[in-house]
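Chains, contacts and geometry: an overview
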Amino acid sequence: MNHIDKGAPNSQAIWQDLDRRHHLHPFTDTKALNAKGARIITRGEGCHIVDAEGKKLLDGMAGLWCVNLGYNRKELVEAAANQLSALPYYNNFFSTANTPSVELAARIAEVTPEGLDHIFFANSGSEAIDTAMRMARFFWQAAGKPEKTWLIARENAYHGSTIAGTSLGGQKEMRKQGGPLLGDIAHVPQPYWYGEGDGMSEDEFGLARARLIEEKILELGPDRVAAVFGEPIQGAGGVIVPPKTYWPEVERICRKYDVLLVADEVICGFGRTGSWFGCQTFGFTPDMMTMAKGMSSGYLPISAVAVGRRVADMLIENGGEFYHGFTYSGHPASAAVAVATLDIMQNEKLVERVRDDIGPYFQNGLRTLLDHPLVGRIDGVGLIAGIALVKSKAPKTFFDSAAKAGMRVRDHSIANGFMMRAVGDRMALSPPLVISHEEVDDLVRIVRLALDLTLAEIGGV
């Protein structure tokens, strides 16, 4: 490693060779990747990333739904450096605390919905989900109802890739690997109207899918169900935006049967939907929220669970010691970067910008693609969107998996300078919150080009 010339013309080939020999990537068919070689990303600036060959790409996924403030924000780099110089690490165990984590907890409590003002820190969305699962069950133990253990989530939901997150999540391919999974977890169908709601209006479908949660609670027994978990928008499931009737009805059902409601805000949190948190955009208030990703703009790993007063008070007053935590819970450098992230978001009014300016501009720009033969529907709010690809619009006909329509669009997009994700035949977009109007125009142009190139290859009906 010491002898690699990182700036050499063939440096990408050198890094690719090392990558093949030593690196196992997440969510990757390693054999297939090794055959072609990984794209080696070397730097980023603003909303763009650059690979080892010098190719510049507009990052339409904000890294992995997380680099909300764009790349190379000096304030975040300086916050990390300053904290590493002062106190690079100390834990929050043994009756100690570090000042950045205390400050961050207070700052998060200022922007969460009313009452969600106790903060437990972890390091990733998966760890935050694990924490919330344990807290939900521990809450009912402390409340004298230890039989309330069942957790309900949605099919095609993503809640992380630990054993706990995979068990709670509803992604079939993930659940096939590494079993047996955790017990006392049930799943109900997702609120995907365009793909699964034929014959019903969106509002009717939203209510119908919410009431499947009620049916599941009654099937299991209200005295056995601890909590319902859900992403306000299912991100890794393909950007599934529920009908507006869905979440208020889910909350009503949870309150009726005294079941906790947990919002997985790992993707939607910190401004992506035009509110601080997705639950505010969709009109419901959870008992707990998990958060990560945009919390530090992806610059350092950190996550948290915001805990509502009912749950927090019960755990504090009746729970005793909570035997849970991580070496890096509330890591001071990560917390300092998250505080600096909140400073920038508030000083630059980025939540308001997503709500009132760049979010609508992005959504309107994407919807100019609805005239394309391959585009069946575009869902989205703020700076998150999903494009459903179809073989035919009328009658609505989806491509079979062998066509690999989504992967073709993605590959053509990347080849022409725009990083986009394919989730099956749904294209997912989640650009940084600081993206400009001109950059939105560029991404819409490149997506149309990628659609055109895909249509020329596989056609439609």
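Up top you'll find the structure we're talking about.
Residues numbered from 1 in each chain as written. Predicted model: local features only at pLDDT ≥ 70, side-chain atom pairs only at ≥ 80, totals over all residues. Heavy atoms only, no water.

In this model, the second largest pocket occupies a volume close to 530 Å³. Taken together, 22 residues form the lining of the second largest pocket, with N92, F93, I119, F120 and F121 sitting closest to its centre. Within the residue set of the lining of the second largest pocket, elements represented by two or more residues are α5 (99–111) and β4 (118–122). The element contributing the most residues to the lining of the second largest pocket is α5, with four residues. (1 Å grid on protein atoms, 1.4 Å probe; cavity = no way out; pocket = protein on both sides within 12 Å on 5 of 7 lines; lining within 4 Å. Points joined across faces, edges and corners; volume = space filled by probe spheres on them. Helix = DSSP H or I, 4+ residues; strand = E, 2+ residues; numbered from the N terminus.)

Time to look at the packing of helix α16 (residues 405–415) against helix α17 (residues 437–458). Helix-helix packing is described using two parameters, namely the angle between the two axes and the distance between the axes. Between α16 and α17, the shortest axis-to-axis distance is 8 Å and the interhelical angle comes to 130 degrees. Classified by the angle between their axes, α16 and α17 sit oblique to one another. At the point where α16 passes α17, the crossing takes the right-handed sense. Taking contact as the criterion, the partners of A405, R408, V409, H412 and S413 in α16 are, on α17, I446, A450, L451, L453, T454, E457 and I458. (Axes fitted to C-alpha atoms, helices over the stretch in contact; angles between N-to-C directions. Parallel < 35°, antiparallel > 145°, perpendicular 65-115°, else oblique. Left-handed = near helix turned anticlockwise from the far one by under 90°. Contact = heavy atoms within 4.5 Å.)

The next subject is empty space enclosed by the protein. Scanning all chains against the criterion turns up one cavity of 30 Å³ or more. By volume, the largest cavity amounts to about 50 Å³. If you list the elements that add at least two residues to the lining of the largest cavity, you get α9 (193–196) and β11 (375–381). Of the residues that constitute the lining of the largest cavity, the class distribution is seven nonpolar, no polar and three charged. (Nonpolar A, V, L, I, M, F, W, Y, C, P; charged D, E, K, R; others polar.)

For strand β7 (residues 225–230), the buried fraction is high: six of the six residues fall into the buried class. Where strand β5 (residues 150–154) lies against β7, three bridges are found, and the strand directions are parallel. Its bridge partner being in β7, L151 is matched across the sheet by A227. (Buried < 20%, exposed > 50% of the residue type's maximum accessible area, 1.4 Å probe, protein only. Pairing = 2+ DSSP bridges.)

This part covers the environment of P113. The topology assignment puts P113 in the loop between α5 and β4. Through-space distance from the C-alpha of P113 to that of W276 is 8.8 Å; in sequence the pair is 163 residues apart. Contact partners of P113, with chain neighbours within four places excluded, come to F277, C279, Q280, T285 and M289.

Here a ring pair, both rings aromatic, is described through the centre-centre distance and the interplanar angle of the planes. Scanning the entire structure with this criterion turns up eleven aromatic pairs. Considering the side-chain rings of Y89 and Y328, the 5.8 Å spacing of their centres and the 75 degrees angle between planes classify their relative orientation as edge-to-face. Of this pair, Y89 sits in the loop between α4 (74–86) and α5 while Y328 sits in the loop between α13 (309–318) and α14 (332–347), and the two are 239 residues apart along the sequence. Residue Y89 is classed as partly exposed on the basis of its relative accessible area, which comes to 30%. Here F270 and W276 contribute two aromatic rings whose centre-to-centre distance is 6.5 Å and whose plane-to-plane angle is 85 degrees, an arrangement assigned as edge-to-face. A relative accessible area of 1% places F270 in the buried class. Given a relative accessible area of 16%, W276 falls into the buried group. (Phe/Tyr/Trp six-rings, centres within 6.5 Å; stacked < 30°, edge-to-face > 60°.)

Let's shift gears to the pairing of strand β15 (residues 426–429). Here β15 shows a buried face lined by R426 and A428 and a second buried face lined by M427 and L429. For strand β12 (residues 384–389) and β15, the ladder comprises four bridges, and the chain directions are antiparallel. Its bridge partner lying in β15, G386 is registered against A428. Direction of pairing for strand β14 (residues 421–423) relative to β15: antiparallel, over a ladder of three bridges. Paired with V423 across the bridge in β15 is R426.

If you look at the biggest cluster of nonpolar residues, it comprises 93 residues, and the most contacted ones within it are L104, M295, L366 and I387. If we skip the residues at most four places from it in the chain, L366 touches I378, A385, I387, L429, L443 and V444. Among the nonpolar cores identified, the runner-up in size contains 27 residues, and I129, L151, F229 and V305 belong to it. (Core = buried A, V, L, I, M, F, W, Y, C linked by side-chain atoms within 4.5 Å.)

So far we have only geometry, and geometry alone does not tell us how the molecule works.
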